[in-house]
Amino acid sequence: MLRTIAPTFGRIPIYFFLDEQGGPTVVSGVPPDYFSATGQLWGNPIYRWDLLAANGYQWWIERFRASLAVFRYGATRSFPRL
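Small disclaimer: the values here were computed from a predicted structure and weren't measured.

(A) Molecular detail of the pattern of salt bridges. Scanning all chains against the criterion turns up 1 salt bridge. When the shortest N-O distance is used, the salt bridge between R48 and D50 registers 3.1 Å.

Have a look at this one:
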């Protein structure tokens with residue numbers, strides 16, 4: 001999740017490791033491996049899982065509810081079965 005999108009700068013910046021200007025203090029990525037000698041730096045802010053857990057993961061619950069409200073079950077039925 002990039003810092004420029006709504007969930008980061010919206011009403012929940014407390015759920016990310018951000019500085020006073022809203023920039024990430026730590027970001028996601030992966031260490032070096034067989035495929036990339038330098039690793040990868042994705043730049044997404046890291047969630048504050050401790051605060052999310054303390055709130056009963058309410059932000060995630062609301063987020064899934066909002067997604068399900070606009071998701072059409074009928075659309076998935078048209079996919080061919082494997």
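Next comes the rest of the account.
(B) Expanded view of a nonpolar patch on the surface. A grouping of W49, Y57 and I61 is seen on the molecular surface, where their side chains present a nonpolar patch of about 290 Å² in accessible area. By the secondary structure assignment, W49 is in helix α2 (residues 49-54). The class for W49 is partly exposed, based on a relative accessible area of 45%.

(C) Local environment of the side chain of S28. Here S28 shows up in strand β1 (residues 27-30). Contacts of S28, omitting those with residues within four sequence positions, involve L41, W42, G43, N44 and I46.

(D) Molecular detail of unusual backbone geometry. Positioned with a positive phi, Y57 is a non-glycine residue whose angle comes to about 55 degrees. Here Y57 lies in the loop between α2 and α3 (58-70).

Rules of the game
- Residues numbered from 1 in each chain as written.
- Predicted model: local features only at pLDDT ≥ 70, side-chain atom pairs only at ≥ 80, totals over all residues.
- Heavy atoms only, no water.
- Salt bridge = Lys/Arg side-chain N within 4 Å of Asp/Glu carboxyl O.
- Patch = residues over 30% accessible without salt bridge, like charges linked within 9 Å, V, L, I, M, F, W, Y side chains within 5 Å.
- Areas by Shrake-Rupley, 256 points an atom, 1.4 Å probe, with all protein chains shown as cover.
- Helix = DSSP H or I, 4+ residues; strand = E, 2+ residues; numbered from the N terminus.
- Buried < 20%, exposed > 50% of the residue type's maximum accessible area, 1.4 Å probe, protein only.
- Contact = heavy atoms within 4.5 Å.

Nothing here speaks to function; it is geometry throughout.
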